[in-house]
Structure formats: C-alpha cells, structure tokens
Protein chains: 2
Amino acid sequence: MGRKNSAVVLSHPLHISPAMPMHTLSDCLARDAADPLCGLRDHFSLPEGLIYLDGNSLGPLPRAAAARAAQVVQQEWGHGLIRSWNDAGWFAMPQRVGGRIAPLIGAQPHEVVVTDSTSVNLFKVLSAALAIAAADSPGRTMVLSERHNFPTDLYIAQSVCHTHGCALEMVEPDAIAASLHAKVAVLLLTHVNYRTGAMHDMAAITAAAHAAGALVVWDLAHSTGAVPVDLHGASADFAVGCGYKFLNGGPGAPAFVWAHTRHASRADLPWMQPLTGWFGHAAPFAFTPDYHSAPGMARFLCGTPPVISLAVLDAALDVFDAVQAVGGMAALREKSLALGDLFMELVEQQCTGLGLGIATPRQHGRRGSQVSLTHHDSSEPHSAYAIVQALIARGVIGDFRAGGVGEPDILRFGITPLYLGYADVWHAVERLKQVLGSSEWREARFARKAAVT
Amino acid sequence: MGRKNSAVVLSHPLHISPAMPMHTLSDCLARDAADPLCGLRDHFSLPEGLIYLDGNSLGPLPRAAAARAAQVVQQEWGHGLIRSWNDAGWFAMPQRVGGRIAPLIGAQPHEVVVTDSTSVNLFKVLSAALAIAAADSPGRTMVLSERHNFPTDLYIAQSVCHTHGCALEMVEPDAIAASLHAKVAVLLLTHVNYRTGAMHDMAAITAAAHAAGALVVWDLAHSTGAVPVDLHGASADFAVGCGYKFLNGGPGAPAFVWAHTRHASRADLPWMQPLTGWFGHAAPFAFTPDYHSAPGMARFLCGTPPVISLAVLDAALDVFDAVQAVGGMAALREKSLALGDLFMELVEQQCTGLGLGIATPRQHGRRGSQVSLTHHDSSEPHSAYAIVQALIARGVIGDFRAGGVGEPDILRFGITPLYLGYADVWHAVERLKQVLGSSEWREARFARKAAVT
C-alpha cells in the first residue's frame, strides 16, 4: 500500500492489548439481555438465523413497510385510484416524509424533501451551489472533493463542472483543509466513507470551508440513520442522502435533499436548480407555460414523485419513532460504537495471525457505523472476495469492495444497532475465524457481483 | 375563445348528423359480448361499479402488479436482502423492463431503459440533443416546441436552454412546420396532447424537422400503451414516456427513455447526458474516480434504480403480452377509436343543448385515446370543475383541466380499451346527461385539486 493512499485505507495490524477485555459469548448474551434497544429488532422481518451486516448497503425489511406496501398498492392505488393524490395525501408525501427525516440530520421539517435518487439530488444541489458561487464569488471555478469519495458523487461533480466550466480537484482526505484555496467554489464530501467507514468532522470542515469562502455539500448516504448528524449545528449549505441504507426504505428507495434556507429561499437565481420539473413549480396545476420555481425546498422537486416507494420509506421511518422512546439517536450511536468496538476487539482476540487488518478508524469520533477489514494472502489476490462469499454461505452477510489502485480490497460489515445484538457480532466473528481457519474460503468460487452500496 | 388558440382547443358544437347511428344500451351490451378484447379487463383490480375514465392520468391496478409488489417486498427484499441484486435480477431491471416497452413504441429491446421520472429523462435527452446539435450544427441555438405542450416539458426545456445558451420558441401547433427555420436545433413535442387528446403525425413532423436540419424529441406520455407508436418508422431521435398512465405501472412509476442508436452510440460526446450517475458508468463496480459512460442506452441511467416500482411496472406490462394474443396494439387502437367515437356520438345524441362542446379531434388519425369536452354556462365560470366532481360522486371518474389564457376549461375522459367496454361508455354519458340535467353539479362544491396528468 503506497504512502499516497495511507490516509484512506490504513489497515491496522491486529494487536491484542493487555488492557483489552476478553469477550465471551455469555458476556455478549448478557449485554443483549440488558440492552434497552434490543426490542427494536421486532420492527424488522429478518430471515431466521441470518446475521445481516449489510444494512449500510440495503437495509432490511421493516414489518411496517411490508404492510404499508400492501396498503398503498391495494387500497390507495387499487381502490382510491386517482383520488388518492388528495385523499391519501400523495401530493404532500415528498415534504411529509422529508419532515420525518429532518430530525435525524439536524434540519427543520420543512427543509427536507424526498424525491429522485441520491445521484440526481446531488446534481441538483451541486448545480445550485455552483450557481450561487458564480453569483456571489465570481472567479471561484473549482469543486474540491476527496479522491476516495463514492464514485457517483465524483461522476456527477465532473459533469456539473463540465457544464459550468469549472474543474474538479480530487485530493486525499488529509489534504482537504490545505486545498481550500481561493479558487474553490464548493467542497463536496461524503460524511462517512463507503469503503472504510471513516467519518469527517462535519462542523470543523464546514467551518474551515466557509472561512476559505467555499460552500459545502454533504452526502449523508452512509451516516443518516446511523450517526447523529447536525447540519444546522455545522451551518452546512446543502446535503443529500440515501433512503435505502440505514433508513431501510427498500431497494432503490427515493433519496432526500436539504438546502439551508439562505440558499433555498434565493429568488434571484431561478435556474439554480436545473431539473425544473412541474413538481418544483410555484403552481404546478396552473399549467402555465413558463417556469416559476416554488419558494423553499419544493424547488428541489422535479417530476411526479414515486408514490409507492415513498410510502414504503415512510413506513420504514416508524422505527425511528420507536428509537426516540429508548434514548434517540444518541442511544443508537452509543450502541453502534459498542458493537463496532466489540467487532474489532473480537477480530483481534479471535483472528490474529489469519491475515486480517482493520481499515476502519478505531477512534469513536472518526468512524461511522461499519467495520471494514482487509485480508492478505500471498497466494490468493482476491481473497477478500472469496472470504465474503464463504461467510455468506455460513449465514453472515457482509460485502466486498474492490480496492482502487494501490489500495487493498475490503471486507465490509455494516453495524446497525436497530436489529443487531452483541451475540450476533460474536457469532459473526466466530464464523469469520472458522472460514479463515479452514480451506472453505478458497473454495468459494461461485460468482456474485459486488452489491450495491 | 380567441383566434390565436383556435387551433388547439376548437370546441366543436354538438351536431346530430342524420347519418349518425342512434346508440342504445342494448347495442352497447351486444358489442361488449362480441368484443375479443373484453377478457383483458380481468387483468385489473377495479372497484365494483366504478367507471374509470382517468387511466390517461393514473392507470388502475393490474392484478399481477399487486402480487408482484408483495413478492418483491416480502421475498426479494425481505428474504433475499442484498443478494437479490443478483439473484432476483435487480441490476438488469432498467434494461429488462425497457425491453418489454420497446415493442409498444417501435423500438428494439436494447434501446429502451426504464429509470427516473419523465421530467428527469426529458432533461437527459434534451441535453443530449443540444450537445449533438452544438457539435454537428453549430449556430443552431433554438429549441422549438408547442405552447400547449405539457408544462413540465416546457419547464425542463427552459432550464436546458438556459444552461446551453439557447432559446425556447413556443408556437401554436399549426405553426410548427413553418417555424422550422435554420436556427432550430431541436423540435420537442408531445405526441398526444394532454388536454385535448390531439395527436401529431409523428412520421410527417419528424421528416419535416429532419429536412430542416433539426433533431426531434418525442414525449410519449399520452400515447405509449394506447396508440401504436413507431419511433424507427419515423426515424425519430429521442423519446421519453410515462410508466403510470396507459402502462398502468402505479403512482409515480419510473419512466422510460429511448435514443436512436446513432445518438446513443456516440463516443465523442462523453458528457452529452449530464446526469452521469454510477449506473450509467461503463464499469459501475470498478469504483474508479473518473466517469466513462457506458456504451449504448445504459448511459441514460443515473442512480440506483427504483427496484420496487420497477417490479410493479414490470408486472403491469404482462397485460400487453395478453394483448398480443388478441390482435396486438392494432386491435387495441381499433377498440380505442370505436369507444371514442361512441363517446362523442353519445354526447351528441344525449347531451345536445346542455352546454357541452367537444375539444378532441374527430378524425381518427388526429387523436389519441381520450375525449375532452368543454362546458359553457354563463352563470358559472367553473362549471367544468363542478361537473367532474358531480360525475365522480356518481361513480364516473374523469378529470378536470383548467384552461389557459383564452382557452376553455376541459372535462377529460381517458379511453382505455384494456378495461373499458361499450356499455361503460353508455353509462358514463348517461350519467353525464343526468348531472347536467339536474342541479347536482351546481352543488358539487367539495374541494378537490386537479389530478396528476
């Protein structure tokens, strides 16, 4: 692994500290029994016996979502038909569901709308940010991002830069602060890295960017629902996030978009959000030929919203109401960190000498809600992939992410305290040890493409 | 009604021709009994006793779609979890479902993908068309469209023109041919008008535009599934269309997009489709930082596809397989025209003297699959709205579209031969006559916003 990438995927060698507690299954079972959050698992429909460590890619099915899907299809669509746009509140769903996500990200309810995909929403806010920069700070012609950002963010940024005559500069994460020069219009970052789980300090980086005269766009795909986020606390400018990861909204669930009111309310830049579909119009049913953007966040809507998917995501959010009753996002975060600590300590306790390394930062303030491992085997360059397959065969679902140039492959394990317990982590690492200690991973040759992040 | 708009909404006065057959309910019942398409209705779950004439706004629930929704949620998501991206074929759904729409629009299966909304897809193809025009025909800086096009098309066109430094020219439909001057880069039209149901001659207009050096983008929202469309026969350039109208894909179903291979295959314009999300990348799971567009239609994909909605639309398309067995789109069109003729003739037979006019062209070649009426009452300027409400209260669902400046309001009735019969039309007009002949429409004051087109 080259020096250049070391700030991103520093795969720590395993190390058993004398101070580290030795974990046993009975300890883990005792912690589960004492866990005030353990009842949240009942909100989910999970296959019996499966340990699901991929909720950072696709959250599992909430029971309420299954019921809601049947209701929206059979009752609202089937029986209500076109009348349900009013009678079932379909028109207001992008705002209403957005309002339920708002408290998870430190936003006001009227500031979040749910619509389209994360990539499309990123196109909207990045275009808006560059339009604002062009109006307020002419001469700033760069978008700054992280080389290891999730690729779709970089692809969208490249396109938006192409359109605006700007350039995208991609740097290592430890070079971000030093790269906030006078040409930077927008800093585009993902809060929690999809591969390593490393988390940026949103408040500090936003403050540094603002001090340097740049706007900040945050992608919250891997943090919303897993990590407390405070957009207003950081005075961030724009944010987007994903509905199908830690929010459990179902495959391809619509995404959300947030803009600070100082931007959303700007009337002097009518085209700042270029996807000017009718749902973003000030009066969509006046059917006038000229576009006039709605005030506030509605201007970030475009076409007809995906009603069935919105209803499913809406129901999936019920579990976060239940979270409020057991300590809220702070309690969820506390358990997430405890599960992550346990995972990493168990890997060190059980798997030392088996070729593993830990790619996720150990410090609580520097990581999200996943544990990423590396594996080195001189005879098998694709060992990480094979190990993930062998683990799936043993009922532990994580996923594989290929390394970039000079970077190791990743075994990725999502930590979702909504439905995972301490004993689940114990069993997962135990099975990982069994896979590594036998030849079965070398035989895991059945093809499976990488899963969707 | 002013001369300027007369080409758009020419509300014909009712006229009983001596040659016109007098229709009776028993005739209509006999036609239903002899109708080879009448069994198609069994594919739908429709409320008992309701006559649904709004399938041009939101198609009703196909039985197969309800079953598929439960399957994709409970089995594929709930049990399969992340594995379903491969095991249930989720990755290939945009292409696979697109391939099923292709024969309805005269396209090859690999030329259609389903993703995002109609508005977002229109942004993609219009951006691509202008990028192609800029490369091939510099100096062409106009987009030409119809003033009465569906507003979201005009809004998107205004934004794309703003970005590209072009101008949008909106003309009356009868002025299109004469407006194809040397500055026109792209002609953007909706095949069937959402208000009047008037249909353009796709082949003739496309040929005229090409002869004038312009590309043509067709919005097929109100034709796909109702009117045979032949994009290759017309040698069209780009098309988009809606999943939730005549395709019955459910509220907010994803839309489709088509590009002629001569455009989709262009490698010299990597940014022509600006929504460059990871699903449009040549190798989405290589996770490389630089965008390289996929070859062919995959470059029109953007973010993670909406799996649940795609599955529902996929199942909804099953009915078109059944249509193949009873004569295909030609038979569907024949029945659509027969139902539309019957509707208009019954209005003339039953409702003369009650203030109605017919806004839909009578000629078969000039109309889609709806009947639009006007109503004039000197004492009630919003009579059309009230009449639609009173009809809904009597179990006949059509919808209302407010007129633009100088245009009359519209009572809009979608004709969908998949589940409508001749007796349905008879009863609908009979109830319309009853509503108009009584005071009940004047009392229909309960609020209901216009439905989504």
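Everything here concerns the structure above.
This section reports on the structure supplied with the text. What you are looking at is a predicted structure, and each value in this text was computed from that prediction instead of being measured.

Conventions adopted
Residues numbered from 1 in each chain as written. Chains lettered and ligands numbered in written order. Predicted model: local features only at pLDDT ≥ 70, side-chain atom pairs only at ≥ 80, totals over all residues. Heavy atoms only, no water. Helix = DSSP H or I, 4+ residues; strand = E, 2+ residues; numbered from the N terminus. Rg over C-alpha atoms; globule rule 2.2 N^0.38 Å. Buried < 20%, exposed > 50% of the residue type's maximum accessible area, 1.4 Å probe, protein only. Areas by Shrake-Rupley, 256 points an atom, 1.4 Å probe, with all protein chains shown as cover. Lys, Arg positive; Asp, Glu negative; His and termini not counted. Charge placed at Lys NZ, Arg CZ, Asp CG, Glu CD. 1 Å grid on protein atoms, 1.4 Å probe; cavity = no way out; pocket = protein on both sides within 12 Å on 5 of 7 lines; lining within 4 Å. Points joined across faces, edges and corners; volume = space filled by probe spheres on them. Nonpolar A, V, L, I, M, F, W, Y, C, P; charged D, E, K, R; others polar. Contact = heavy atoms within 4.5 Å. Buried area = accessible area lost by both parts, 1.4 Å probe. Polar contact = N/O pair within 3.5 Å; in protein donor to acceptor, adjacent residues only side chain to side chain. Phe/Tyr/Trp six-rings, centres within 6.5 Å; stacked < 30°, edge-to-face > 60°. Least-squares fit on C-alpha atoms with pLDDT ≥ 70 in both. Pairing = 2+ DSSP bridges. Expected span 1.5 Å × (residues − 1). Salt bridge = Lys/Arg side-chain N within 4 Å of Asp/Glu carboxyl O. Disulfide = S-S within 2.5 Å. Axes fitted to C-alpha atoms, helices over the stretch in contact; angles between N-to-C directions. Parallel < 35°, antiparallel > 145°, perpendicular 65-115°, else oblique. Left-handed = near helix turned anticlockwise from the far one by under 90°.

1. Some thoughts on the overall build of chain A
Consideration 1: Along its length, chain A carries 14 helices and 16 strands.
Consideration 2: The C-alpha radius of gyration computed for chain A amounts to 22 Å, which stays within 12% of the reference 22 Å derived for 453 residues, consistent with globular compactness.
Consideration 3: Principal axes of the C-alpha set define a box for chain A whose edges measure 70 × 55 × 40 Å.
Consideration 4: Classification of the 453 residues of chain A by burial places 67% in the buried group.
Consideration 5: Carbon and sulfur atoms make up 57% of the accessible area of chain A, which totals about 14300 Å².
Consideration 6: Across chain A, 32 positive and 38 negative side-chain charges occur, with their mean positions spaced 3 Å apart.

2. Some thoughts on the layout of surface pockets
Consideration 1: Here the largest pocket defines a volume of roughly 570 Å³.
Consideration 2: What lines the largest pocket is a set of 24 residues, among which T163(A), H164(A), H162(B), T163(B) and H164(B) lie closest to the centre.
Consideration 3: Among the residues making up the lining of the largest pocket, the classes are represented as 15 nonpolar, eight polar and one charged.

3. Quick look at the interface of chain B and chain A
Consideration 1: Counting from both sides, the interface comprises 83 residues of chain B and, opposite them, 83 residues of chain A.
Consideration 2: In this assembly, chain B packs against chain A so that about 7000 Å² is buried in total across both faces, 71% of it on carbon and sulfur atoms.
Consideration 3: Inspection of the region where chain B meets chain A yields 23 residue pairs in polar contact (both at pLDDT 80 or more).
Consideration 4: Every element with two or more residues in the side of chain B that touches chain A is listed here: β4 (61-62), α2 (63-80), α3 (84-87), α5 (118-136), α6 (151-164) and α10 (307-316) of chain B.
Consideration 5: If you tally residues by element for the side of chain B that touches chain A, the top one is α6(B), at nine residues.

4. Considering the packing of aromatic side chains
Consideration 1: Tallied over the entire structure, the rule returns 39 aromatic pairs over all chains.
Consideration 2: Note on W85(A) and W90(A): the rings are 5.4 Å apart at their centroids and 85 degrees apart in plane angle, and the pair reads as edge-to-face.
Consideration 3: An aromatic cluster is present here, built from W85(A), W90(A), F91(A), W278(A), F279(A), F285(A), F287(A), F150(B) and Y194(B) joined pairwise through their rings.

5. Points about the relation of the copies chain B and chain A
Consideration 1: Superposing chain B onto chain A takes a rotation of 180 degrees plus a shift of 0.0 Å along the axis, which leaves an RMSD of 0.0 Å. The symmetry that links the two subunits is that of a two-fold axis.
Consideration 2: Comparing interface residues between copies, 100% of those in chain B also sit at the interface in chain A, which points to an isologous, same-surface contact.

6. Quick word on the sheet that holds strand β12 (residues 356-358) of chain A
Residues and elements named next belong to chain A.
Consideration 1: Spatially, five strands are ordered β1-β12-β13-β16-β15 in an open sheet, and the strand pairing comes out antiparallel. In this open sheet, the two edge strands, each paired with only one partner strand, are β1 (12-13) and β15 (399-401).
Consideration 2: Where β15 meets strand β16 (residues 410-414), three bridges bridge the pair, whose relative direction is antiparallel. Each residue of the ladder has a partner; that of F400, found in β16, is L411.

7. Some points on α5(B)
Consideration 1: Along its 19 residues, α5(B) runs 26 Å from first to last C-alpha, staying within 8% of the 27 Å computed at 1.5 Å per residue.
Consideration 2: Within α5(B), 16 of the 19 residues are buried, which leaves it mostly tucked inside the rest of the structure.

8. Considerations on the pairing of strand β9 (residues 215-219) of chain A
All names here are of chain A.
Consideration 1: Of all five residues in β9, five are buried, a share of seventy percent or more.
Consideration 2: Sheet topology note: the strand β8 (residues 184-190)/β9 ladder contains five bridges and is parallel. Bridging across to β9, L188 finds its partner in V217.
Consideration 3: Alignment of β9 against strand β10 (residues 238-241), held across three bridges, turns out to be parallel. When the bridges of β10 are listed, D219 appears paired with V240.

9. Observations regarding helix α12 (residues 328-351) of chain A
An α-helical turn contains 3.6 residues, so any two residues separated by three or four positions project in the same direction.
Residue and element names in this part refer to chain A.
Consideration 1: An ideal rise of 1.5 Å per residue puts 34 Å on 24 residues; α12 measures up with 34 Å between its terminal C-alpha atoms.
Consideration 2: Buried residues dominate α12, accounting for 22 of its 24 residues.
Consideration 3: Residue G353 follows α12 closely and has a positive phi angle near 90 degrees.

10. Describing unusual backbone geometry
Consideration 1: With a phi angle near 60 degrees, N248(A) is a residue other than glycine that sits in the positive phi range.
Consideration 2: Its identity as a non-glycine residue notwithstanding, F287(B) has a phi of 55 degrees, on the positive side.
Consideration 3: Position of F287(B) among the secondary structure elements: in the loop between α9 (261-264) and α10.
Consideration 4: Assessed through its relative accessible area of 9%, F287(B) is described here as buried.

11. Regarding the pattern of salt bridges
All names here are of chain A.
Consideration 1: Counted by the stated rule, this structure contains 37 salt bridges over all chains.
Consideration 2: E172 is paired through a salt bridge with R147; the nearest N and O atoms lie 3.2 Å apart. Of this pair, E172 sits in the loop between β7 (167-171) and β8 while R147 sits in the loop between β6 (142-146) and α6 (151-164), and the two are 25 residues apart along the sequence.
Consideration 3: Since its relative accessible area comes to 8%, E172 is described here as buried.
Consideration 4: With a relative accessible area of 30%, R147 lands in the partly exposed category.
Consideration 5: Its salt-bridge partner being R401, residue D399 comes within 4.0 Å of it at the nearest N-O pair.
Consideration 6: On the basis of relative accessible area, D399 is assigned to the buried category, the value being 3%.
Consideration 7: Taken together, the shared-partner salt bridges in this structure form one network comprising R96, R100, D314, D318 and D321.

12. Some details on the environment of W218(B)
All names here are of chain B.
Consideration 1: With respect to the helices, strands and loops of the structure, W218 is situated in strand β9 (residues 215-219).
Consideration 2: On the basis of relative accessible area, W218 is assigned to the buried category, the value being 0%.
Consideration 3: Residues W218 and E146, 72 residues apart in the sequence, show an inter-C-alpha distance of 12 Å.

13. Considering the state of the cysteines
All names here are of chain B.
Consideration 1: On inspection of all chains with the given rule, the structure shows zero disulfides over all chains.
Consideration 2: Counting only cysteine sulfurs, C351 is the nearest neighbor of C28, a cysteine outside any disulfide, at a range of 14 Å.
Consideration 3: Residue classification places C28 among the buried positions, given a relative accessible area of 1%.

14. As for the packing of α12(A) against helix α14 (residues 422-437) of chain A
All names here are of chain A.
Consideration 1: In contact at an axis separation of 9 Å, α12 and α14 are set at 30 degrees when each is read in the N-to-C sense. By the criterion of interaxial angle, the relationship of α12 to α14 is roughly parallel. Handedness of the crossing formed by α12 with α14: right-handed. Mapping the contact onto sequence places K335, A338, L339, L342, F343, L346, V347, Q350 and C351 in α12 and Y422, V425, W426, V429, E430, L432 and K433 in α14.

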